[in-house]
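Structural characterization, general
Letter by letter, the chains look like this.
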Amino acid sequence: MIGTAVTRDGIPVRVWSWPGNTGDQKLIRQVKDDMRDWTLSKIVWVTDRGFSSERNRRYLRQGDNAYIVGETLRSGSPEVKAALSRRGRYGELAQNMRVKEVRISDTERFVICHNPEAGARDQHMREQLVSKLTTLIEEADNLSDFKRGELRGKIADKPGLNRYLRTTPSGKLRIDTAEIKTEEYLDGKYLLRCSGPDLSAEDIALGYKQLLEVERGWRDMKQIIDLRPVYHRLEERIRAHVVLCRLALLLIRIIETTADATWTTVRRDLDRRHLGTFTGPTGLFRQVTALTKPPRDLLAKLSMPAPKQIIALRPAPR
């Protein structure tokens, strides 16, 4: 289990690693004790729904600290239902996000975030699942009760499909249109709970997005610099592995904040350059793909000079 402390800009400044069976309270207390010596004016704890228990939130509220906690929209809790039922207009953020604060508590604040791109992905995935489910059950009425029960059992083992299936009182299999309508309302949305009275709705949304970015960074590091599969057993090797991930994440964040672009965009633009080796009557030379405007502008933001197109030349022997 890994925890990371980042600045407001997402720069990782410290990382922790614990055994996978470590309790939530022990993690929170250790991080809080370690950060106490940094003499920071304020710490905002950002956690996912796994840490959202009342006990954890009460502990994080101690002192002048604040927390931002992700909530499960499908939990069916009274607070979630109340938040989703509140009407209001969304405010537009620059980073492909819309936010709306809803008042349902005197001690905590709730912010609904909506990502239109994520909403389109959710809709596309649901349409694929419903289409597959429709194909599976379209001849189910002609089956015997036993065969229909077998089919029902197979679908039950697939949570994505089972979510949109309902069974009539007579045992017939049907598409659950009510559940589809409910899911449509949740497309691209997530709910945040915050204890900080001074944080704006935008700060709350962007603060939680930092957690998502850190988690994405860890996943990218496992793929980009081939740090997995991992077969470490000794604690010092596990910690060394985590430190390497943190250093790689640090470099990515510095590039992103300096270039004002995502790592995906930076990597795509720079990956378009290729090195070719050519041999002719005058000798051997190596040539790099000429820079187009996107990578040229990127290197300028990073204060890096554009490399020469011909990087090596060796005359033919006489």
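Our structure's up above, just so we're on the same page.
Quick summary incoming for the structure in this document. (Residues numbered from 1 in each chain as written. Predicted model: local features only at pLDDT ≥ 70, side-chain atom pairs only at ≥ 80, totals over all residues. Heavy atoms only, no water.)

1. Thoughts on the sheet that holds strand S4 (residues 66–71)
Cut-off, in case you're wondering: A pair of strands counts as paired when DSSP detects no fewer than two bridges linking them. Counting from the N terminus, the helices are the DSSP runs of H or I reaching at least four residues and the strands are the DSSP runs of E reaching at least two. In this analysis, axes come from line fits to C-alpha atoms, helices being fitted only over the stretch in contact, and the angle between any two N-to-C directions falls in the range 0 to 180 degrees.
Across the sheet, which stays open at both edges, the six strands sit in the order S3-S4-S10-S7-S6-S5 with mixed pairing between neighbours. Each edge of the sheet is formed by a strand with only one pairing partner; in this case those strands are strand S3 (44–47) and strand S5 (91–93). This sheet shows a mean twist of 25° between the axes of neighbouring strands, independent of strand direction. Here S4 pairs with strand S10 (residues 189–194) via four bridges, running antiparallel. What sits directly across from glycine 70, in S10, is leucine 192.

2. Observations concerning the packing of helix H10 (residues 263–270) against helix H11 (residues 293–301)
Spelled out, the test is: Throughout, the term roughly parallel applies to angles under 35 degrees, roughly antiparallel to angles over 145, roughly perpendicular to angles from 65 to 115, and oblique to all others. The crossing is said to be left-handed when, going from far helix to near helix, the turn is anticlockwise and less than a right angle, and right-handed when the turn is clockwise. Contact between two residues is taken to exist if any of their heavy atoms lie within 4.5 Å; hydrogens are not considered. Residues are grouped as follows: nonpolar covers Ala, Val, Leu, Ile, Met, Phe, Trp, Tyr, Cys and Pro; charged covers Asp, Glu, Lys and Arg; every other residue, Gly included, is treated as polar.
Two elements in contact, H10 and H11, have axes whose closest approach is 9 Å; the angle formed by their N-to-C orientations is 120°. Our classification of the angle between H10 and H11 gives oblique. As H10 packs across H11, the resulting crossing turns out to be left-handed. Contact residues: Val266, Asp269 and Leu270 in H10; Pro294, Pro295 and Leu298 in H11. Here the residues of the contact of H10 with H11 sort into five nonpolar, no polar and one charged.

3. Things to note about helix H3 (residues 78–85)
For the record, the criterion: Burial classes follow relative accessibility: with a 1.4 Å probe on protein chains only, a residue under 20% of its type's maximum area counts as buried, one over 50% as exposed, and anything between as partly exposed. Think of it as the arc spanned by the lines of direction from the helix axis to the C-beta atoms.
Of all the residues in H3, the buried ones are Val80, Ala83 and Leu84. Down the axis of H3, the sector holding all buried residues measures 95°, keeping them to one side. Opposite the buried face of H3, by more than 90 degrees, sit the exposed residues Pro78 and Lys81. Tucked into the core, H3 has its buried residues touching strand S6 (97–102), strand S7 (109–114), helix H7 (177–186) and S10.

4. As for a nonpolar patch on the surface
Quick reminder of the rule: Residues forming no salt bridge and having over 30% relative accessible area are the ones grouped into patches, like charges within 9 Å of each other and nonpolar side chains (Val, Leu, Ile, Met, Phe, Trp, Tyr) within 5 Å. To be clear on the numbers: accessible area is Shrake-Rupley with a 1.4 Å probe, and residue cover counts the displayed protein chains and nothing else. One side-chain nitrogen of Lys or Arg within 4 Å of one carboxyl oxygen of Asp or Glu is enough to make a salt bridge.
Together, Val13, Trp38 and Leu40 line one region of the surface with nonpolar side chains, adding up to about 230 Å² of accessible area. By secondary structure assignment, the location of leucine 40 is in the loop between helix H1 (24–36) and S3.

5. Looking at the pattern of salt bridges
Within this structure, the stated rule accounts for 15 salt bridges. Of the charged contacts in the structure, one is a salt bridge between arginine 57 and glutamate 108, with a shortest N-O distance of 3.3 Å. In this pair, arginine 57 sits in helix H2 (residues 54–60) while glutamate 108 sits in the loop between S6 and S7, placing the two residues 51 residues apart along the sequence. The same class applies to arginine 57 and to glutamate 108, which are both buried. For glutamate 183, the salt bridge goes to arginine 163, with nearest N and O atoms at 3.5 Å. Pair noted here: glutamate 183 is in helix H7 and arginine 163 is in the loop between helix H6 (159–162) and strand S8 (165–167), with a separation of 20 residues, a long-range link. Members of the salt-bridge network, linked through shared partners, are Arg57, Glu71, Glu79, Glu108 and Arg193.

6. With respect to the pairing of strand S1 (residues 2–6)
Only one face of S1 is covered, namely the face carrying Gly3 and Ala5; the face carrying Ile2, Thr4 and Val6 is uncovered. Where S1 and strand S2 (residues 12–17) come together, five bridges link them in antiparallel fashion. Within S2, the position partnered with valine 6 by the bridge is proline 12.

Everything listed is a geometric property; what it means functionally is a separate question.
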